[in-house]
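# Coordinate inspection notes
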Amino acid sequence: MAGNYPVSAETRERVMAAVDSLHYVVNVHAKALSGRVAGPVALVLRDITGPSLAHVAAGVEEEAGSRGRLSLVCSTKDDTKREDDLVQLMREQHAAAVLLVGGTVTDDAYHRRMAGYAKALDSAGSRLVLCGRPPLPAGVPATVVDYDNRGGAFQATAHLLTAGHRRVLFLGGAPGFSSAEERRLGYRDALRAHGVPHADELDTSGDYTRASGYLRTREALSAGVGFTAVFAGSDVVALGALAALREAGLSVPREVSVVGFDDVPFAADLTPALTTVRVPYEELGRTAVRLALDREVGFTSDNHVVLSTQLVIRDSVRPPAG
């Protein structure tokens, strides 16, 4: 059946006829144990419905498929126990790589858990790949593929400041999350570089959801917090901000400018089209798979790659009125 043993054509015909009539399939678990099957690539993320994470998954599937690998997508729903179980399951399934995607709180408990995953997978011939997360301490057998959150946030804020805005409402992510903290640092870096004082009332934290963007913008307006521009920590948050501004009768960008982050597909279709920071999410997925699988055959030794982000200028920013 494998085509690597000399038999007569008649015998081969009879065997293959029996295979067809019995609907026989190869026991992939046995093949995996013998090392004769290419292990799958597992993508583990908190939520599979987010537009940005969906693009990471598309990149993973494209690269894995081009290399003849099956892709598995798993969701943890922010449940650490479920994440533990999924990583162990992928280890048992002889996955070639396990990709953990998305920002996280990088405390001591997180570092211990990731080190445990990395060592367990490494002992089984697999590889832990962290996507959109900071690197682990030296000596931990893991690969990191990140993108420039801080630089992208700097570009977005600097674009608003260069246009003349001095009161920029920042709708940041949840405190402690790695990507959110990097974007906050980029926002503050730009203020400092342009000589604009940081104002606590303009620097807000919350979830990367439309509801959060709407509520925080509405609260700032109700509290009389003066601002002429909004930098939303994600395009979905920017959607909520736009809704609150329009509800308050404010025109974008004539009265308030708005910048997002991610450049998800709907950003260009909004009215006005949203200026935002493009994150190469599909490339993130492709690079993660490439590094893991190339390492498997000894083609690469890269452990930490940072992809660049890009400011995409559209129609949602103007100099402040008056």
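Each value, and the rule that gives it
Residues numbered from 1 in each chain as written. Predicted model: local features only at pLDDT ≥ 70, side-chain atom pairs only at ≥ 80, totals over all residues. Heavy atoms only, no water. Pairing = 2+ DSSP bridges. Helix = DSSP H or I, 4+ residues; strand = E, 2+ residues; numbered from the N terminus. Axes fitted to C-alpha atoms, helices over the stretch in contact; angles between N-to-C directions. Core = buried A, V, L, I, M, F, W, Y, C linked by side-chain atoms within 4.5 Å. Buried < 20%, exposed > 50% of the residue type's maximum accessible area, 1.4 Å probe, protein only. Domains from an automatic or database assignment. Contact = heavy atoms within 4.5 Å. Phe/Tyr/Trp six-rings, centres within 6.5 Å; stacked < 30°, edge-to-face > 60°.

### Thoughts on the sheet that holds strand β4 (residues 128–131)
- Taken together, the 6 strands give an open sheet; going across it, the order is β2-β1-β3-β4-β5-β11, and neighbouring strands pair in parallel fashion. In this open sheet, the two edge strands, each paired with only one partner strand, are β2 (71–75) and β11 (304–307). Within the sheet, the average angular offset between the axes of one strand and its neighbour, ignoring direction, is 20°.
- With 4 bridges joining them, β4 and strand β5 (residues 142–147) adopt parallel strand pairing. By the bridge assignment, L130 is partnered in β5 with V144.

### Considerations on the nonpolar core
- Counting residues in each nonpolar core, the largest one holds 63 residues, and the members touching the most others are L43, L99, F227, V230, F231 and V258.
- Of the residues forming this core, the biggest block, 7 residues, is contributed by helix α10 (residues 281–296).
- Taken domain by domain, this core gets at least three of its residues from each of domain 2 (40–147 + 281–306) and domain 3 (149–279).
- L43 has contacts with V56, A57, V60, L72, V73, C74, L99 and V101, leaving out every residue within four places of it along the chain.
- With 21 residues, the next largest nonpolar core counts L86, A95, M114 and L121 among its residues.

### Thoughts on the packing of aromatic side chains
- Overall, the coordinates contain 4 aromatic pairs when judged by the stated rule.
- Residues F170 and Y187 carry aromatic rings whose centres are separated by 4.6 Å and whose planes lie at 15° to one another, so their mutual orientation is stacked. Here Y187 lies in helix α7 (residues 178–193) and F170 lies in strand β6 (residues 168–171), a separation of 17 residues in the sequence.
- On the basis of an interplanar angle of 40° and a centroid distance of 6.5 Å, the ring pair of F231 and F261 is categorised as tilted. A residue pair is termed long-range when its members are at least 10 positions apart, and F231 in strand β8 (residues 229–232) and F261 in the loop between β9 (257–259) and β10 (276–278) qualify at 30 residues. Per residue, the accessibility class of F231 equals that of F261, and both read buried.
- In textbook terms, an aromatic cluster arises when at least three aromatic residues are bridged by ring pairs, as seen for F170, Y187, F231 and F261.

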